[in-house]
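Single-letter residue listing:
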Number of protein chains: 2
Amino acid sequence: VNIVLLDASEATPDGLVTVDDDRARHLLTVLRVSPGQPVRIGVIDGPLGIGTVRSIDGGIVTLACTFSETPERPKVDLLLAVPRPKVLRRLWAQIAALGVGRVILTNAARVERNYFDTHLLNESTYRPLLLEGLQQARDTRVPTVTIHRQFRKLIEDDLDTLTDAASRVVADPASRVSPLTGVATARRVLLAVGPEGGWNDFELGLLRSRGFASVGLGPRTLRSDTACVALLALTHEALRAASGA
Amino acid sequence: VNIVLLDASEATPDGLVTVDDDRARHLLTVLRVSPGQPVRIGVIDGPLGIGTVRSIDGGIVTLACTFSETPERPKVDLLLAVPRPKVLRRLWAQIAALGVGRVILTNAARVERNYFDTHLLNESTYRPLLLEGLQQARDTRVPTVTIHRQFRKLIEDDLDTLTDAASRVVADPASRVSPLTGVATARRVLLAVGPEGGWNDFELGLLRSRGFASVGLGPRTLRSDTACVALLALTHEALRAASGA
């Protein structure tokens, strides 16, 4: 945890925030804060800031908060075929830490039907995992998550309203194009990552007809969570290189 | 599992290999092979090939094998401060899948002493995890693993004999240089990834004095396993881009 995230509703007009939950335990037992000490904070979907420890009373910590800028929404959106629950559990925090503006989870021919039954698709389960990733990465912007059971309807009817990413790429093991060159130097990128067994021909054709360019990571086949982390990192670095940052 | 790995000792001169363990179960229950069917195989640290199912007898499968080329050793070596056991468990297979020629595990000031007590540092534990990653990535070359308890001795006395990587980079959150530009277009790259809390000043100074250039992944702080996967993927892509592949 590299920042402590607060809910907007927790901040009083005078900037005092009192926490008594896991965050208080983190402040007291990991950071071992004492009165007067500043700690990095952030308001969920709001600004970053500094909270100065005003008082400690048992397990209750009060912070006097000042706020600075609100982080930009990450420039990468992710279209992801619902992975196995075990993989999805590993991915939520990593997705948020790497930086994703929107997660569009979709069905696909090679997604097993029971993958949709997992509690990992419930907001009450994944939101804490996303917040964990944001606290790791010092970000406040929670990825927007939507879940789509009909791939064709999603791509044909809904995708353009969900994301305005001008550059669209699809991970395709058969492609020899590196994500570094395949990602156009656009304002936003939409990255599509298929199921363990890959997109089928219909799905890949539909994605291509909607402007997705194929990219690949070379001849090695990676586990889907490894591939997802690698592709997100490469997409961010390609954008960073393009922006000259 | 995208290839079935065999030990060199299992192949008879006539090219017949009989398996009756997890590999047989995988062939029978996941791939559902039948006689005459070809499956991708590889000899550990040897060639890739094709095994044609000759016979199935209960849980025993006999393959008639022909071999082709031996994969090149991956062009990236990894110098990794021993991570928490939970992180190390997640990393072994991913390291092998992404492709690492040599894993040099080291102590560092911010590595907790008890991290060395884990069975995940025993070859009998990590070798099956490495093979799992190789079978995912269709590679046969098992990363060479060495474990070093004295960082200074490792860097000053042993490192040059362990790797001949001409390009050396160290992940440093303070660096604004992307791995894409920081990785020199060399034959081999040695990538150094520090402990959760980072290298200390002495360690970073010693690495720099030995030719390590700092690279960073931007302002977001990543969990060490996420960072390791991201950095390995970026290093491979930088090499691939440089080689024009």
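Located above this text is the structure these notes cover.
Here is what the cut-offs are and how they apply
Residues numbered from 1 in each chain as written. Chains lettered and ligands numbered in written order. Predicted model: local features only at pLDDT ≥ 70, side-chain atom pairs only at ≥ 80, totals over all residues. Heavy atoms only, no water. Helix = DSSP H or I, 4+ residues; strand = E, 2+ residues; numbered from the N terminus. Buried < 20%, exposed > 50% of the residue type's maximum accessible area, 1.4 Å probe, protein only. Contact = heavy atoms within 4.5 Å. Pairing = 2+ DSSP bridges. Axes fitted to C-alpha atoms, helices over the stretch in contact; angles between N-to-C directions. Expected span 1.5 Å × (residues − 1). Bend = angle between axes of the 7 residues up to and from the residue. 1 Å grid on protein atoms, 1.4 Å probe; cavity = no way out; pocket = protein on both sides within 12 Å on 5 of 7 lines; lining within 4 Å. Points joined across faces, edges and corners; volume = space filled by probe spheres on them. Nonpolar A, V, L, I, M, F, W, Y, C, P; charged D, E, K, R; others polar. Parallel < 35°, antiparallel > 145°, perpendicular 65-115°, else oblique. Polar contact = N/O pair within 3.5 Å; in protein donor to acceptor, adjacent residues only side chain to side chain. Least-squares fit on C-alpha atoms with pLDDT ≥ 70 in both. Core = buried A, V, L, I, M, F, W, Y, C linked by side-chain atoms within 4.5 Å. Salt bridge = Lys/Arg side-chain N within 4 Å of Asp/Glu carboxyl O.

Novice: Hey, could you run me through the side chain of Gln94(A) in this one?
Specialist: Its location among the elements puts Gln94(A) in helix H2 (residues 85-98). Residue class for Gln94(A) comes out buried when judged on its relative accessible area of 7%. Those residues in contact with Gln94(A), other than ones at most four positions away along the chain, are Val229(A), Arg223(B), Asp225(B) and Thr226(B).

Novice: What's the story with the sheet that holds strand S5 (residues 60-67) of chain B in this structure? I'm lost.
Specialist: Sheet strands line up and pair through hydrogen bonds in the backbone, either parallel or antiparallel. Residue and element names in this part refer to chain B. If you trace the five strands from one edge of the open sheet to the other, you get S1-S3-S4-S5-S2, paired in mixed fashion. Edge positions in the open sheet fall to strand S1 (4-6) and strand S2 (16-19), since each of these has one partner strand only. Between one strand axis and the next, the sheet turns by 40° as a mean value, whatever way the strands run. As paired elements, strand S4 (residues 48-57) and S5 share eight bridges and run antiparallel to each other. Residue pairing across strands places Asp57 opposite Ile60, the latter belonging to S5.

Novice: When you look at helix H2 (residues 85-98) of chain B in this model, what are you seeing that I'm missing?
Specialist: Since one α-helical turn is 3.6 residues long, residues separated by three or four positions face the same way. An ideal rise of 1.5 Å per residue puts 20 Å on 14 residues; H2(B) measures up with 20 Å between its terminal C-alpha atoms. Where H2(B) bends most, the angle comes to about 35°, and this point is Leu91(B). Of all 14 residues making up H2(B), ten are buried, and the element is well covered by its neighbours. Those residues of H2(B) not exposed but buried are Val87(B), Leu88(B), Leu91(B), Trp92(B), Ala93(B), Gln94(B), Ile95(B), Ala96(B), Ala97(B) and Leu98(B). Those residues of H2(B) hidden inside the fold are in contact with helix H7 (224-243) of chain A together with strand S6 (76-81), strand S7 (102-106), helix H3 (123-137), strand S8 (144-148) and helix H7 (224-243) of chain B.

Novice: How do you make sense of the layout of surface pockets when you look at a structure like this?
Specialist: A probe as big as a water molecule, rolled over the atoms, marks out the empty space that is left. Of the pockets and cavities examined, the second largest pocket occupies roughly 1300 Å³. Taken together, 50 residues make up the lining of the second largest pocket; nearest its centre are Glu196(A), Leu222(A), Arg223(A), Ser224(A) and Gln136(B). Ranked by residue count, the leading element in the lining of the second largest pocket is H2(B), at six residues. A class-by-class count of the residues in the lining of the second largest pocket yields 22 nonpolar, 14 polar and 14 charged.

Novice: Any chance you could explain H3(B) here in plain terms?
Specialist: Residues and elements named next belong to chain B. Between its terminal C-alpha atoms H3 stretches 20 Å, which fits the 21 Å expected from 15 residues at 1.5 Å a residue. Every buried residue belonging to H3 is among Thr125, Tyr126, Leu129, Leu130, Leu131, Gly133, Leu134, Gln135, Gln136 and Ala137, and all of these are buried. Two residues or fewer after H3 comes Arg138, characterised by a positive phi angle close to 60°.

Novice: I keep staring at the pairing of strand S3 (residues 38-43) of chain A and nothing clicks. Help me out?
Specialist: Residue and element names in this part refer to chain A. Relative to S3, strand S1 (residues 4-6) runs parallel, the two being bridged by three bridges. Bridged to Leu5 within S3 is Gly42. Examined bridge by bridge, S3 and strand S4 (residues 48-57) share five bridges and lie antiparallel to one another. Its bridge partner lying in S4, Arg40 is registered against Ile50. A loop of four residues connects S3 with S4, the two strands running antiparallel in sequence, and Asp45 in this loop sits at a positive phi of about 60°.

Novice: Explanation requested: the packing of helix H4 (residues 151-162) of chain A against helix H6 (residues 201-209) of chain A in the structure shown.
Specialist: Relative placement of two packed helices is described by the angle separating their axes and the distance separating the axes. All names here are of chain A. The geometry of H4 relative to H6 is characterised by a closest axis approach of 11 Å and an angle of 5° between their N-to-C directions. Considering their axes alone, H4 and H6 lie roughly parallel with respect to each other. For the pair H4 and H6, the contacting residues are Phe151, Arg152, Ile155 and Glu156 in the first and Phe202, Glu203, Leu206 and Leu207 in the second. Looking at the contact of H4 with H6 residue by residue, the classes come out as five nonpolar, no polar and three charged.

Novice: Any chance you could explain the environment of Asn2(B) here in plain terms?
Specialist: Structurally, the position occupied by Asn2(B) is in the segment before S1. Sequence-wise, Asn2(B) and Glu132(B) are 130 residues apart; in three dimensions their C-alpha atoms are separated by 9.8 Å. Sequence-distant contacts of Asn2(B), that is, excluding residues within four places in its chain, are made with Thr221(A), Arg40(B), Gln135(B), Gln136(B) and Arg138(B). Engagement of the side chain of Asn2(B) in a polar contact is seen with the backbone oxygen of Gln136(B), the distance being 2.7 Å.

Novice: Looking at this structure, how should I read the relation of the copies chain B and chain A?
Specialist: Two copies of a chain can be linked by a rotation about an axis combined with a shift along that same axis. Note on the copies: chain B fits chain A at an RMSD of 0.0 Å, the axial shift is 0.0 Å, and the rotation between them is 180°. Those values place the two copies in the arrangement expected of a two-fold rotation axis. Of the C-alpha atoms belonging to chain B, the one lying closest to the rotation axis is found on Ala230(B), 2.5 Å away. A symmetric contact is evident, with 100% of the interface residues of chain B recurring at the interface of chain A.

Novice: Please clarify how the nonpolar core should be interpreted in this entry.
Specialist: Most often, soluble globular proteins keep nonpolar side chains buried together rather than apart. The biggest cluster of nonpolar side chains holds 137 residues, and the ones touching the most others in it are Trp92(A) and Trp92(B). Excluding its chain neighbours within four sequence positions, the residues that come into contact with Trp92(A) are Val103(A), Leu105(A), Leu120(A), Tyr126(A), Leu129(A), Leu130(A) and Val145(A).

Novice: Is there a simple way to explain the sheet that holds strand S11 (residues 212-215) of chain B in this structure?
Specialist: Residues and elements named next belong to chain B. The strand order across the open sheet built from six strands is S8-S7-S6-S10-S9-S11, with neighbouring strands paired in parallel fashion. A single partner strand is all that each edge strand has here, and the edge strands are S8 and S11. The mean inter-strand angle of the sheet, taken between neighbouring strand axes irrespective of direction, is 20°. Along the sheet face, helix H4 (residues 151-162) touches S6, S7, S8, strand S9 (167-171), strand S10 (189-193) and S11 and points at about 165° away from the line of S7.

Novice: How should I be thinking about the environment of Thr18(B) in this particular structure?
Specialist: Residues and elements named next belong to chain B. Structurally, Thr18 is set in strand S2. Sequence spacing of Thr18 and Leu222 is 204 residues, and the spatial spacing of their C-alpha atoms is 45 Å. When near neighbours in sequence (up to four residues on either side) are disregarded, Thr18 contacts Ile60, Val61 and Thr62. One polar contact links Thr18 to Thr62, side chain to side chain, over a distance of 3.0 Å.

Novice: Quick question: what am I supposed to make of the pattern of salt bridges here?
Specialist: It is possible for side chains of opposite charge to pair when their charged atoms get near one another. Residue and element names in this part refer to chain A. Counted according to the given criterion, the structure contains 32 salt bridges over all chains. The salt bridge involving Glu10 is made with Arg23; its shortest N-O contact spans 2.6 Å. Remark: Arg23 occurs in helix H1 (residues 22-30) and Glu10 occurs in the loop between S1 and strand S2 (16-19); sequence separation between them is 13 residues. On the accessibility criterion, Glu10 (24% relative accessible area) is partly exposed. In this structure, Arg25 engages Asp22 in a salt bridge whose closest nitrogen and oxygen atoms are separated by 2.5 Å. Here the residue Arg25 and the residue Asp22 both occupy positions in helix H1, the gap between them amounting to three residues, near one helical turn.

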